[in-house]
Structures are given as C-alpha cells and as structure tokens.
Amino acid sequence: MSELTHAGNPELEVALWRMYRDFFDMAERKRRWSIRGDIPWDQCNRGLDPAIADVVESFCAVELYLPDYVSRILPVVRASRGRAWFYANWGYEESKHSLALGDWLLKSGHRSDEQMADLEGMVYQRE
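All of the points below concern the structure found in this document. (Residues numbered from 1 in each chain as written. Predicted model: local features only at pLDDT ≥ 70, side-chain atom pairs only at ≥ 80, totals over all residues. Heavy atoms only, no water.)

1. Focus: the overall build of the protein chain
Then step 1. What the protein chain contains, in helices and strands, is 5 helices and 0 strands.
Then step 2. Counting helices and strands in the order they occur from the N terminus, the protein chain gives α-α-α-α-α.
Then step 3. Taking 14 Å as the expected radius of gyration for a compact globule of 127 residues, we find that the protein chain reaches 18 Å, considerably beyond that expectation.
Then step 4. Expressed as a percentage of the 127 residues in the protein chain, the buried residues total 30%.
Then step 5. A separation of at least 24 residues holds for 76% of the contacts in the protein chain among residues at least 6 apart in sequence.
Then step 6. Distance from the positive charge centre (16 side chains) to the negative charge centre (21 side chains) of the protein chain: 7 Å. (Helix = DSSP H or I, 4+ residues; strand = E, 2+ residues; numbered from the N terminus. Rg over C-alpha atoms; globule rule 2.2 N^0.38 Å. Buried < 20%, exposed > 50% of the residue type's maximum accessible area, 1.4 Å probe, protein only. Contact = heavy atoms within 4.5 Å. Lys, Arg positive; Asp, Glu negative; His and termini not counted. Charge placed at Lys NZ, Arg CZ, Asp CG, Glu CD.)

Next comes the structure, spelled out in structure tokens:
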C-alpha cells in the first residue's frame, strides 16, 4: 500500500477529510472569484510593454500543463478521499488561473485567437 494514501489509518483519513471540508468551506466563503465578474476586463492596458505579455504567456503555458499534473497525482492518492478531492479542487483553481491569463492575453490585444491556439497546440504536443 502506498505511503501517500494512508488507507490503513482510518483516523488519519477522517482528519484529512475534515481538513479538506474546512478548507473547501472557507474557500467558498472567502476566496472564490469569477473570471467574468471579478476582473475588470474593460481596464486591460493595451499599451503595456510586449515583454510583460511574454511573461504572462509563459505562466499561461505552465498552467496549460494542468492535465498532466492532475492525471499523475490522482491515481496515487485515489484511496484517500480528502487528498483526492483536495487535488481535484486544486486543479479547478489552477484551471481558472489558466483561463484568466489566456483571457488577459486576448483582451489586452497582445495575442490573437490563432496565437493562443498555437500555444495550446505546442503545450499539448507532449506531457
């Protein structure tokens, strides 16, 4: 049995699940944000130095590897509901980062739909 799952320790699993639920409940109350509603997209500064867009694109590309990160860890922690759900929630939050960064690149005019499709295609060519 994997050291990461701790499936043989019911008390630990109960504690992990309780911690996840506390984390989740607090996040729902205090940290959740909306890509469409909470970011003032009409205030995107189209005049920023293109080097800033290059940095944003780099971070966006890192976030696009999300399926690789999640697909590797979930099988390892699947037997631990608290850990598995935490990673699923983490994946959701990271997906929002990717969407927000990509939307900024488009709405700021620093990238076109075609350029974003090329970036995604490049990232998804390999794990």
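2. Overview of the pattern of salt bridges
Then step 1. In total, this model carries 7 salt bridges according to the counting rule given.
Then step 2. The shortest N-O distance in the salt bridge between E93 and R32 comes to 2.8 Å. One end of the pair, E93, is in helix α4 (residues 81–107); the other, R32, is in the loop between α1 (10–30) and α2 (50–64), and 61 residues separate them in sequence.
Then step 3. Since its relative accessible area comes to 16%, E93 is described here as buried.
Then step 4. The exposure class of R32 is partly exposed, given its relative accessible area of 22%.
Then step 5. Its salt-bridge partner being R111, residue E57 comes within 2.8 Å of it at the nearest N-O pair. (Salt bridge = Lys/Arg side-chain N within 4 Å of Asp/Glu carboxyl O.)

3. Brief notes about the environment of A88
Then step 1. Mapped onto the elements, A88 comes out in helix α4.
Then step 2. Taking C-alpha positions, A88 is 9.9 Å from S71, a pair spaced 17 residues apart along the chain.

4. Side note on the packing of α2 against α4
Then step 1. At a closest axis distance of 9 Å, the pairing of α2 and α4 adopts a crossing angle of 150°. When the axes of α2 and α4 are compared, the pair comes out roughly antiparallel. In terms of crossing hand, the pair formed by α2 and α4 is left-handed. Only E94, H97, S98, L101, G102, W104 and L105 of α4 make contact with α2, whose side of the interface consists of I52, A53, V56, E57, F59, C60, E63 and L64.
Then step 2. Classifying every residue of the contact of α2 with α4 gives 9 nonpolar, 3 polar and 3 charged. (Axes fitted to C-alpha atoms, helices over the stretch in contact; angles between N-to-C directions. Parallel < 35°, antiparallel > 145°, perpendicular 65-115°, else oblique. Left-handed = near helix turned anticlockwise from the far one by under 90°. Nonpolar A, V, L, I, M, F, W, Y, C, P; charged D, E, K, R; others polar.)

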